[in-house]
Amino acid sequence: MELIGHLADGFATSLSPLNLFIVIIGVTAGLFIGAMPGLGSVNGVAIVLPMTFIVPPSSAIILLCAIYYGAMYGGAISSILLGIPGASTAVATTFDGRPMAQQGRAGLALIAAAVASFVGGTISVILFTLFAAPLADVALAFGPAEEFALVLLAFTTFVGLGGDDILKTIIMICLGLALSTVGLDLISGDPRLIFFDQPGFYSGVSFLVLAIGIYGVGEILYTIETSKSAPSVTPARLTFRDLWFGIKEVGKLWKTLGFGSSMGFFVGMLPAAGATPAALMSYGLSKLMSKQPETFGKGNIEGVASPETANNAASTGSLLPMLTLGIPGSPTTALLLGGMVMWGLVPGPMLFIEQPDFVWGLISSLYTANLAAVLVNLALIPVFVWALRMPFTVLCTLVLVLCIVGGFAPSQKMHDVWLIIGFGVAGYLLRKAEYPMAPLVLALVLGPLMEKSFRQTLISEQGNMMAFIERPLSGTFIAISVVFFLLPLLKYVKKANRAQKA
């Protein structure tokens, strides 16, 4: 009954005229951001974040979460119509979505993606509602040692479960940790890594500046180089008859939708895992369990519904560790975490006690955002097709201007603008060298927390390093971290043994 009372209070907040208007605006903007190749939820949240100071904190986080939701829906648009993922989370959608469009079934593919996203989002929000408060209670047992071990687990999750080059992932994590130490020492107050004695570095490197540079300017530079010609857009129409037929077809996939939602939610909960691996895992397992695996990649509707269900469920799941533990589950939630800190909100278990109106208003807004996203998505499919015909030169210029303005607005310092340009060029070069960007951003966000908890533990335990292992929770997290860190080595040994036997 207490849970229902909290939800009722939350809906009173999220259904206020201002917040309802913000949800509709947010999901609509997010759909367009997700549909534009090279953008995605990370870029959308990073660009809009500086503009949220004109509304109350609760409305600001609702706006960003609505953009996040909308972008997860919108990523399928360009994946299906262009064959180009709007974001990495929609990569798996192109495998069957584009063949369906080429077969003249673009409308059915878009309906399947929208309905599957709605199902995944709805199931994950229900799971979020049920598990958020209990996990927050468990998190009250966390001290500095547990916080350090949990952040370490986030980094080793990238190493053990990521599909990127392991050495490059470790290098990017170390680079992010180094950048997180720029500024003043948190205990002694001495300046650290003040490059060329520039006063702008005394306040550190903002995660917003890095994110806009890496994901905004860097992606634009990379896209300009790699786009040799404008891709062709597949026409798509949508009638009420097509809509009803598509809903019935997706309804037949209830096992796939249920499995993808549950798996996506729990993968999203893993620190640093996020929606991309959830979508790829869901697609692979759906193909493995399908009675017709040979049809995957050739226009199977299940190949569209499965990853779209999982990536939307994972996007909600990644919010759970951010709110309850203060640990972001994805690059986008890392930006949301930074935004909450800027608004004076401290993510963690005490947030549920000290700011219940904010927490339950946010949770209830996920229900309204999910419903608004599917309705707006289906209604605006013709508009998406028109927007994707925008000249690429206009799109690049628009995004570049938004990046510069978005980076300058919070601090109003030219120092941050030059950093954005520098990070943009660096991000472009790292992207060409196939270095993953997500570990860099997450390390910059989590680095200060990791350093603070590590030094607090050593001070309180008088330098006893064994304290991290002796405490049950932190010891468990460190043990799991060691397993994740050694997982690539075990895979390599197993692969080498198979090669010798062959």
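Residues numbered from 1 in each chain as written. Predicted model: local features only at pLDDT ≥ 70, side-chain atom pairs only at ≥ 80, totals over all residues. Heavy atoms only, no water.

Draft legend 1. Structural view of the packing of aromatic side chains. Summed over all chains, the structure comprises four aromatic pairs. Considering the side-chain rings of F148 and F468, the 4.9 Å spacing of their centres and the 50 degrees angle between planes classify their relative orientation as tilted. With a gap of 320 residues between them, F148 in helix α7 (residues 144-161) and F468 in helix α22 (residues 467-470) connect regions that are remote in the sequence. Judged by relative accessible area, F468 falls into the buried class, the value being 4%. For the ring pair F195 and F201, a centre distance of 5.4 Å and an interplane angle of 75 degrees mean the geometry is edge-to-face. Through pairs of rings, three or more aromatic residues link up here, namely F148, F454 and F468. The aromatic ring of Y435 is capped on one face by K168, whose charged end is 5.1 Å from the ring centroid. (Phe/Tyr/Trp six-rings, centres within 6.5 Å; stacked < 30°, edge-to-face > 60°. Helix = DSSP H or I, 4+ residues; strand = E, 2+ residues; numbered from the N terminus. Buried < 20%, exposed > 50% of the residue type's maximum accessible area, 1.4 Å probe, protein only. Lys NZ or Arg CZ within 6 Å of the ring centre and 35° of its normal.)

Draft legend 2. Broad picture of a nonpolar patch on the surface. A cluster of nonpolar side chains, contributed by L221, F408, M414, W418, I421, V425 and L429, occupies part of the molecular surface with about 650 Å² of accessible area. Top element by residues in the nonpolar patch is helix α20 (residues 414-432). It accounts for five residues. By the secondary structure assignment, W418 is in helix α20. (Patch = residues over 30% accessible without salt bridge, like charges linked within 9 Å, V, L, I, M, F, W, Y side chains within 5 Å. Areas by Shrake-Rupley, 256 points an atom, 1.4 Å probe, with all protein chains shown as cover. Salt bridge = Lys/Arg side-chain N within 4 Å of Asp/Glu carboxyl O.)

Draft legend 3. Focus on the nonpolar core. Core analysis: the biggest nonpolar cluster contains 108 residues, and I61, I80, L323, L336 and M340 have the highest contact counts within it. When sequence neighbours within four positions are dropped, the list of residues in contact with L323 reads F128, M340, P347, G348, L351, F352, F358 and L362. A149, A154, I173 and F468 belong to the second-largest nonpolar core, a separate cluster that totals 19 residues. (Core = buried A, V, L, I, M, F, W, Y, C linked by side-chain atoms within 4.5 Å. Contact = heavy atoms within 4.5 Å.)

Draft legend 4. Local environment of the confidence of the model for the chain. Here the chain shows a mean pLDDT of 77. Residues at 70 or above account for 84%. Within the chain, the element-level pLDDT minimum falls on helix α18 (residues 381-387), averaging 63, and the maximum on α20, averaging 87. (pLDDT = per-residue confidence, 0-100.)

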